[in-house]
Amino acid sequence: MRPPIHDMRVRTPSQDAEFPGKKLAQTSPFGGQYGEGVRSLGAGRHQGWDLYANPGTVTLAITEGVVQKVTTDSSYGLQVLLQFRHQGRELYAFYAHLASAFVHPGEQVKEGQVLAVTGSSGNAVHVPPHLHFEIRTKAEVGPLWDGRINPGEVLGYHYLNLDFSHPRGDMG
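Below you will find a few notes about this structure.

The rules behind each value
- Residues numbered from 1 in each chain as written.
- Predicted model: local features only at pLDDT ≥ 70, side-chain atom pairs only at ≥ 80, totals over all residues.
- Heavy atoms only, no water.
- Phe/Tyr/Trp six-rings, centres within 6.5 Å; stacked < 30°, edge-to-face > 60°.
- Helix = DSSP H or I, 4+ residues; strand = E, 2+ residues; numbered from the N terminus.
- Buried < 20%, exposed > 50% of the residue type's maximum accessible area, 1.4 Å probe, protein only.
- Salt bridge = Lys/Arg side-chain N within 4 Å of Asp/Glu carboxyl O.
- Pairing = 2+ DSSP bridges.

**A look at the packing of aromatic side chains**
Applying the stated rule across the entire model yields two aromatic pairs. Ring geometry for Tyr-76 and Phe-94: centres 4.9 Å apart, planes at 85 degrees, overall edge-to-face. Separated by 18 residues along the polypeptide, Tyr-76 in the loop between strand S5 (65–73) and strand S6 (77–86) and Phe-94 in strand S7 (residues 89–101) bring together distant segments of the chain. Neither Tyr-76 nor Phe-94 differs from the other in exposure class; each is buried.

In structure tokens, the structure reads:
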């Protein structure tokens, strides 16, 4: 299992300040982390990780699997959904706000294979450039947490560049 991009930096409000002219979407110490209370002064939630990524950054298959979907919508923009197995479970890696995809539905991919390049599609146009990444338990998710788990459950929590002086109950 490998990370979805080479430079794994989870989006934080203090680092958002490095992007002048962009909307600072997060106003809590946890910013782009998964969980309850990570946005809007602790009142908002986030279903994945936002990973800083300059436009054109390659996104990689976290493990071998089959591309289930390549699609676009107004929130996530261009997206890739990769089905894979992990510890006996069927899971899905979801990559969003992409500029272009190099895979198609039904394609078998290997760990580390380039799937797409990042962009600012969907609702990411006015915020610092990032990859929205989720781990899902089913291909079609519902609202809030339905069908989503913390990416740290699969990739590990060592990627989180957070201020741990603010304790969180969902960080493993």
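**Brief notes about the pattern of salt bridges**
Per the counting criterion, the structure on display carries four salt bridges. Among the ionic pairs, Lys-69 bridges to Glu-140, the shortest N-O distance being 3.0 Å. With Lys-69 in strand S5 and Glu-140 in the loop between strand S10 (130–136) and strand S11 (148–149), this residue pair connects regions lying 71 residues apart in the sequence. Between Asp-146 and Lys-138 there is a salt bridge, with its nearest N and O atoms 3.0 Å apart. Residue classification places Lys-138 among the partly exposed residues on the basis of a relative accessible area of 33%. Because the salt bridges share partners, they merge into one network encompassing Glu-134, Arg-136 and Arg-148.

**Observations concerning the pairing of S5**
One ladder, built from two bridges, connects S5 with strand S8 (residues 108–109); its direction is antiparallel. Directly across from Val-66, in S8, lies its bridge partner Gln-108. Judged from the seven bridges that link them, S5 and S6 form a sheet pairing that is antiparallel. Looking at S6, one finds that Lys-69 is bridged to Leu-81.

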